[in-house]
Amino acid sequence: MTESFDASMRLALAEALLAGGDVPVGAVILDPSGAVVATGHNERELTGDPTGHAEVLAIRAAAAALGSWRLSGCTMVVTLEPCTMCAGAVVAARLDRLVFGAYDRKAGAVGSLWDVVRDRRLNHRPEVISGVLADECGALLTQFFARRRVG
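Residues numbered from 1 in each chain as written. Predicted model: local features only at pLDDT ≥ 70, side-chain atom pairs only at ≥ 80, totals over all residues. Heavy atoms only, no water.

A. Summary view of the pairing of strand S2 (residues 36-41). With five bridges joining them, strand S1 (residues 26-30) and S2 adopt antiparallel strand pairing. Looking across to S2, one finds that Ile29 is bridged to Ala38. Hairpin remark: S1 followed by S2, antiparallel, with five residues in the connecting loop; positive phi at Gly34, about 95°. (Pairing = 2+ DSSP bridges. Helix = DSSP H or I, 4+ residues; strand = E, 2+ residues; numbered from the N terminus.)

B. Highlighting the pattern of salt bridges. Inspection of every chain in the model, using the stated rule, returns five salt bridges. A salt bridge links Glu127 to Arg97; its shortest N-O distance comes to 2.9 Å. Here Glu127, found in strand S5 (residues 127-130), pairs with Arg97, found in strand S4 (residues 97-102); they are 30 residues apart in sequence, far enough to count as distant. Using a relative accessible area of 33% as the deciding quantity, one classes Glu127 as partly exposed. (Salt bridge = Lys/Arg side-chain N within 4 Å of Asp/Glu carboxyl O. Buried < 20%, exposed > 50% of the residue type's maximum accessible area, 1.4 Å probe, protein only.)

C. Inspection of the packing of aromatic side chains at higher detail. Tallied over the entire structure, the rule returns two aromatic pairs. Pairing Phe100 with Tyr103 gives two aromatic rings, centres 5.1 Å apart and planes at 85°, and the pair type is edge-to-face. What makes Tyr103 partly exposed here is its relative accessible area of 36%. Measuring from ring centre to ring centre gives 5.0 Å for Phe144 and Phe145, while their planes differ by 80°; the resulting arrangement is edge-to-face. A relative accessible area of 33% places Phe145 in the partly exposed class. (Phe/Tyr/Trp six-rings, centres within 6.5 Å; stacked < 30°, edge-to-face > 60°.)

As far as function goes, none of this settles anything; it's purely spatial.
Dropping the structure here:
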């Protein structure tokens, strides 16, 4: 099933490269037909906004494009497992599906440390597909942090 999201994950990887000096995370939101309706990449450093995560920015853009905060029927494809804030935003936006690439063992909230999106106490639980192009997504992050340690 992951092959069906490879092309979308490649778009998210391209979006991640736009993050400049920020952690390279990219997100793409697909409408129910599979068309891209929004993208986002980390902009915390650029904007000084702690909520400037790729997922939050993509959700905001999708809501504006579709004219509704309810993103029912939509899919988010993101290069890194969402943190607690972003996993909560996925639930709040009523996204039907979350697809991610690399796991985040230090801050992941879709199975690594927490599992916000599958918490039965919440009123919405999206389908989760993990590990799509995980090696490529992880390599982008590894390279970024290696350059920061050297530089």
